[in-house]
Structure formats: C-alpha cells, structure tokens
Amino acid sequence: MLLEMGMKSLNNIARQCRVVRPHVGAVTNVGEAHVGSLGNLDAIVRAKQELIDGMRSGGTLFLNTDCPRSRRLSTKHFKGTTKTFGITHPANVKGVNVRYSTGGMKFDAYIEGKKYSFFTPVWGFHNVYNALAAIGLARAVGCSIAQIQKGLSRVRPPKMRFQVIRSKSGRTLINDAWNANPSAMKAGLTVLHNMSGKRPAIAVLGDMLELGKYSQWAHQSVGKHIAKLQLSQLVTFGPKAREIAKTAMANGMDSKRIFHFTSRSALIRHLKNSSNQALIYFKASRKLHFEKIIRELLHLR
C-alpha cells in the first residue's frame, strides 16, 4: 500500500501515522505550503517531523539532502535506517546529468554504487527530485531497476499539475493551477522558460493564498525570480498577485511586457490576442479557479 500523507496543520500527519504506521517513508521537501494555517516556517518543519516520529521501528526513511529545511528534521529518535536522495549534495540515490528532453526529463542516478539511466515524461528539476525519492522508496520495497525505469517512463501527471494541453488555436496551455506556493510557482516558471525555446512564453499568475504573514514576501520572491527569466509576458490576476507584477518591474522586467487584470473577461480577451505559437502557463491558488479561464481558451481558434 502506498499513501501520500497530506498536511495542512500540526498533528495531521501524526494522526495518519497512528492509523497506518509506515515502514518505508520519504519527506520530499519542506517548503512553504500552508504556512498561513501553520503560522510560521518552523511549524512546517515540526509538521513534517511527524512522519519520522510516526514510522515503524526498523523502517527506512528517505530525506532530501539538498533541501535546507529538511536538514532541520531530527532522526535522533528514529529507530530505523535513514537514507538520502539529491542532486547537488552526496546522497544514497544521487541524480546526475539531469537534462530536459522532448517529452520530459532524462537523468542518470547512482544507486548502490552503480549508475543507471532514467526518463520521466514530466518536466523540471523538482520532478527529478520526486523521481529520485520514488527510486529510493521502490528499491526499499524490493523493486528492480528495470521495474523502476519502466514505471517512471509511464508517469502521468494528475489534472491541473503541470498538465500540458494543446488548444484549438495551436497555443500550448499548461494547467498548473491546482494550488500555489512560492517554491512551486518558481519551479513551474523555470520549466516554462526551459520548455519555450523560441516560442513566446507567457506566465499567467494569480494570488497565492494561505501564506499568512509571509504573503508579501512570497509574491515578491516570485516577482524577482520571473524578472530573471526574460519571458515574453507576465500576466497577473488578483490583488495579491499585483505584488508579483510590481516586483518584476522593479527588478528590471520591461513594463510593456507586464499586464495586470482584475476582470477574468479582460484577461481572456488579452490572451486571445497572443500568438498561436505561444506557450501559456497558469498557476494560482485553488480558490481562483484558473481552470475556468483555461477552459474558455481551449475552444478559441
């Protein structure tokens, strides 16, 4: 049985571990998601710690050696085997030669002293980290390298998680709008930049909610990141997302390539005038329902 343990507040993971005590587990990273409901970033570390504390004695735990906040997790009382995955730092499952390919990501991984090649049909270094964690977990439960290679090559992202859709107009729409936090948004924007090539790249970004006192910082950090990418357009929607636009402009992005909207219909009219070759990326928190905008654009010629 494989379970993804969701977390929105303290004691969520602990309760799940009391129902199903994992014998193999991984903390993929410790990011900013749900920091608003938890109160601060230290509380997120404590929430993820609950998986480690809730595992069975003699189990196997995988941690991300490249994630700074993951290094604050304690294995002092964990009575099992701790292993690591990563790309930059030494790790038990270490990714190397990571590169974008036509249909996804290719990479090699050192596992138990040997190097193996993998492909997964999703994009981004963040998804390679997920793949490395999956490799470690699969090996821990006895899967062969061939089985893992085959499984990763058949990965299909769930709806609204970097879902690539071709519209009738020829535009490529990327629906990554299930939810949003700054780390995930910056990762998605980097993928957009790397995928676009010579095609116009347009980022449509909405409010990131549930960030509490970190909200302004979070939107500003995305604005600084997008200014470095030199995308064709930045389109923002919502009062909080305006901070992304303001910060991108303040950090050198041409104001003629930045557009902010308070009306969905106006935003859609603007996107209708974009090139049919455009690659358009959508990300915002769940409450903004960006899928409705995407649905309308899908049927435009």
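So, how was this worked out
Residues numbered from 1 in each chain as written. Predicted model: local features only at pLDDT ≥ 70, side-chain atom pairs only at ≥ 80, totals over all residues. Heavy atoms only, no water. Helix = DSSP H or I, 4+ residues; strand = E, 2+ residues; numbered from the N terminus. Buried < 20%, exposed > 50% of the residue type's maximum accessible area, 1.4 Å probe, protein only. Contact = heavy atoms within 4.5 Å. Areas by Shrake-Rupley, 256 points an atom, 1.4 Å probe, with all protein chains shown as cover. Lys, Arg positive; Asp, Glu negative; His and termini not counted. Charge placed at Lys NZ, Arg CZ, Asp CG, Glu CD. Disulfide = S-S within 2.5 Å. Salt bridge = Lys/Arg side-chain N within 4 Å of Asp/Glu carboxyl O. Expected span 1.5 Å × (residues − 1). Polar contact = N/O pair within 3.5 Å; in protein donor to acceptor, adjacent residues only side chain to side chain. Pairing = 2+ DSSP bridges. Axes fitted to C-alpha atoms, helices over the stretch in contact; angles between N-to-C directions. Phe/Tyr/Trp six-rings, centres within 6.5 Å; stacked < 30°, edge-to-face > 60°. UniProt positions renumbered as here; feature names shortened; annotations may be inferred.

A. Here's a closer look at the overall build of the protein. Scanning the protein for helices and strands turns up ten helices and twelve strands. Taking the principal axes of the C-alpha coordinates as reference, the protein spans close to 60 × 40 × 35 Å. Put simply, the protein has 301 residues, and 50% of those count as buried. Within the protein, contacts between residues separated by at least 24 positions form 60% of all contacts whose residues are at least 6 apart in sequence. For the protein, the exposed area adds up to about 14,900 Å²; of that, 51% sits on carbon and sulfur atoms. For the protein, the separation between the mean place of its 47 positive charges and that of its 15 negative charges on side chains is 5 Å.

B. Layout of the state of the cysteines. All told, the structure shown has zero disulfides when counted by the stated rule. Counting only cysteine sulfurs, Cys-17 is the nearest neighbor of Cys-67, a cysteine outside any disulfide, at a range of 18 Å.

C. Focus on the pattern of salt bridges. In the structure shown here, the tally under the stated rule is six salt bridges. Here Arg-72 and Asp-42 are joined by a salt bridge, their closest N and O atoms 2.3 Å apart. Of the two residues, Arg-72 is situated in the loop between strand 2 (60-64) and strand 3 (81-86) and Asp-42 in helix 3 (residues 41-54); the sequence distance between them amounts to 30 residues.

D. Spotlight on helix 3. Helix length check: helix 3 (14 residues) gives 21 Å between terminal C-alpha atoms against 20 Å at 1.5 Å per residue, within 8%. For helix 3, the set of buried residues is Leu-41, Ala-43, Ile-44, Val-45, Ala-47, Lys-48, Gln-49, Glu-50, Leu-51, Ile-52 and Gly-54. Between the side-chain oxygen at the start of helix 3 and the backbone nitrogen of Asp-42 there is a gap of 3.1 Å, and the oxygen is on Asn-40.

E. Spotlight on the side chain of Asn-12. Topologically, Asn-12 is positioned in helix 1 (residues 12-19). Aside from chain neighbours lying at most four places away, what touches Asn-12 is Gly-6, Met-7 and Glu-50.

F. The arrangement of helix 8 (residues 242-250) in detail. All of the buried residues along helix 8 are Glu-243, Ile-244, Ala-245, Thr-247 and Ala-248. Looking at the buried positions of helix 8, the neighbouring elements they touch are helix 6 (182-196), strand 9 (201-206), helix 7 (215-229), strand 10 (233-237) and strand 11 (258-261). Once helix 8 finishes, Gly-252 follows within two positions and takes phi at roughly 105°, a positive value.

G. Geometry of the sheet that holds strand 8 (residues 172-175). One open sheet accounts for six strands, arranged 7-8-12-9-10-11; its pairing is mixed. Both outer strands of the open sheet, strand 7 (163-166) and strand 11, are each paired with one neighbouring strand and no more. The average angle at which neighbouring strand axes cross in this sheet is 20°, direction not considered. For strand 9 and strand 12 (residues 279-283), the ladder comprises five bridges, and the chain directions are parallel. When the sheet's bridge partners are listed, Val-204 is paired in strand 12 with Phe-282. Its contacts with the sheet place helix 9 (residues 264-272) against strand 9, strand 10, strand 11 and strand 12, and it is angled at close to 165° to strand 10.

H. Region of the structure containing the packing of aromatic side chains. One pass over the full model with this rule turns up five aromatic pairs. Ring centres 6.4 Å apart and planes at 75° place the aromatic pair Tyr-214 and Trp-217 in the edge-to-face group. Judged by relative accessible area, which is 40%, Trp-217 ranks as partly exposed. Put simply, the rings of Phe-237, Phe-282 and Phe-290 pair up and form one aromatic cluster.

I. View of the UniProt feature "domain: Mur ligase central" (unreviewed entry) in the protein. Mapped onto the present numbering, the UniProt feature "domain: Mur ligase central" (unreviewed entry) falls at residues 2-138. In this annotation, residues 2-138 is assigned 29% helix and 28% strand; the end-to-end C-alpha distance for the span is 10 Å.

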